[in-house]
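Structural overview for review
Here's the letter readout for the chains.
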Amino acid sequence: MRALRPALGAILALLTVLLAQQPATAGGLVLSGSRGDGAGHQADVAALSPRSAPVSLGVVSAVTHSVQRGETLGAIAAANGTDVATLVRINGLSDPDRIGEGQVLRLLGSSGLAVVAMDGVAVRRVTVWPWPPVQGQTVVVWAQMRNAGTPKIQLEDRDLQVVGSGASSWALAPIGPLAAPGPRRLVLSSGQRHLVLTLPIGPGVFPTQNIPASASQPILSQPTRVNAETARMNDLFAGAEPGPFDPGQRFRLPLDGEYPHSSPFGQRRTYGAGTAVSAHAGEDFSAPSGVPVFAPAVGTVLLAEPLFVRGNAVVIAHGSGVYTGYWHLSELSVNAGEAVEQGQEIGRVGSTGLSTGAHLHWEMRVSGAAVDPMQWVD
Ligand SMILES: [Zn+2]
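Right, let's walk through the structure included here.

Definitions and limits used
- Residues numbered from 1 in each chain as written.
- Predicted model: local features only at pLDDT ≥ 70, side-chain atom pairs only at ≥ 80, totals over all residues.
- Helix = DSSP H or I, 4+ residues; strand = E, 2+ residues; numbered from the N terminus.
- Pairing = 2+ DSSP bridges.
- Buried ≥ 20, exposed ≤ 12 C-beta atoms within 10 Å, placed from the backbone.
- Core = buried A, V, L, I, M, F, W, Y, C linked by C-beta atoms within 7 Å.
- Contact = placed C-beta atoms within 7 Å.

1. Some details on the environment of Arg 158
When you line up the elements, Arg 158 lands in strand β9 (residues 158–160). C-alpha separation for the pair Arg 158 and Leu 186, spaced 28 residues apart in sequence, amounts to 9.5 Å.

As structure tokens, then:
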């Protein structure tokens with residue numbers, strides 16, 4: 001926190017003031033930037049509006065608050081749109097009752113980009129994190145508008161679902177694991193005014209794996225069934241789903257206890273002697289058959305049935321284009337259409353479908369794109 005470059009000091013101070021004036025409501029939504037290098041420092045900002053509006057840009061490695069005499073962690077959390085548990089966690093506090101005057105607390109859980117827009121644009125401030133984003137991550141965009149409306153937010157040509165309005169407008173931007181590194185346009189629009197930011201997408205670090213023909217051939221030799229299932233799943237993940245996503249919620253792991261991560265999200269895969277490279281769309285946990293699988297957050301079951309490739313599968317809609325999927329289960333514990341609570345059992349680990357042994361494949365989709373689920377549970 002103390003290692004910030006001096007040139008950013010003034011912007012940081014301004015951000016802290018703005019944060020205090022415009023508390024967010026994201027009690028729980030803190031996504032890790034741990035797979036990025038955390039050292040980003042650059043973005044191009046242009047205001048494409050009827051008149052060119054002055055915009056200043058700051059990149060922060062942390063947004064901090066200096067504790068004043070008599071302040072409590074609860075009061076600081078309330079004034080900054082977060083909660084005590086978040087502050088305890090991201091500051092590594094052992095006792096929330098023991099904070100001291102002058103102590104510097106982090107208010108954001110990970111690196112972020114903050115853009116402070118000055119007079120003439122409807123966007124007061126945009127915060128983007130993690131920063132810099134890398135392949136496979138979910139990027140959080142928090143727009144604080146000057147008016148009460150809901151901005152339109154686009155990543156390239158993809159409309160992102162915006163939750164909330166006014167000073168508390170949120171969108172989740174998915175960066176697919178195979179998305180080419182490089183600049184992406186993020187456009188915030190309010191009426192006829194547009195604020196254009198450039199997200200510099202960095203490369204992720206992914207291992208590679210070959211799935212032997214003996215394991216994959218029996219299923220991949222039936223491309224019609226495989227392709228039909230893929231198309232159906234893509235439709236499901238792109239469709240309308242019940243309710244808005246609640247940025248105040250936290251996700252938990254779908255398994256209790258520690259299990260090896262046998263195949264990480266984004267792993268580059270080839271099948272048999274083929275040279276086509278795909279990316280593993282989820283995180284695999286090597287757990288024994290029969291281990292219970294739990295809903296990571298509240299949601300509605302969209303699908304719970306046996307599939308050809310994915311085996312016994314469950315898909316949960318969490319709102320606003322956020323979905324999780326669970327493949328290769330030995331048992332299904334829920335039915336399509338059912339509402340589930342966080343921690344509710346949804347099935348049991350198994351090895352059904354295209355699988356070489358008992359494991360849980362946990363998948364996360366945001367606006368249709370597969371993203372790293374582990375980023376949501378740090
Ligand atoms: Zn998998």
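Here the narrative resumes.
2. Observations concerning the sheet that holds strand β23 (residues 331–332)
If you trace the 3 strands from one edge of the open sheet to the other, you get β19-β25-β23, paired in antiparallel fashion. Each having just a single partner strand, β19 (292–294) and β23 make up the two edges of the open sheet. Relative to strand β25 (residues 345–348), β19 runs antiparallel, the two sharing 3 bridges. The residue of β25 that forms the bridge with Pro 292 is Arg 348.

3. Overview of unusual backbone geometry
Despite not being glycine, Ser 320 shows a phi value in the positive range, around 55°. In this structure, Ser 320 sits in the loop between β21 (311–319) and β22 (322–329). Judged by the 20 C-beta atoms lying within 10 Å of it, Ser 320 falls in the buried class. Unlike most non-glycine residues, His 328 shows phi in positive territory, near 70°.

4. Observations concerning the nonpolar core
The biggest cluster of nonpolar side chains holds 64 residues, and the ones touching the most others in it are Val 126, Val 141, Ala 143, Ala 173, Val 314, Ile 316 and Tyr 326. The leading source of residues in this core is strand β7 (residues 138–145), at 6 residues. Beyond its immediate stretch of four places on either side in the chain, Val 141 contacts Val 126, Val 128, Ile 153, Trp 170, Ala 171, Ala 173 and Leu 186.

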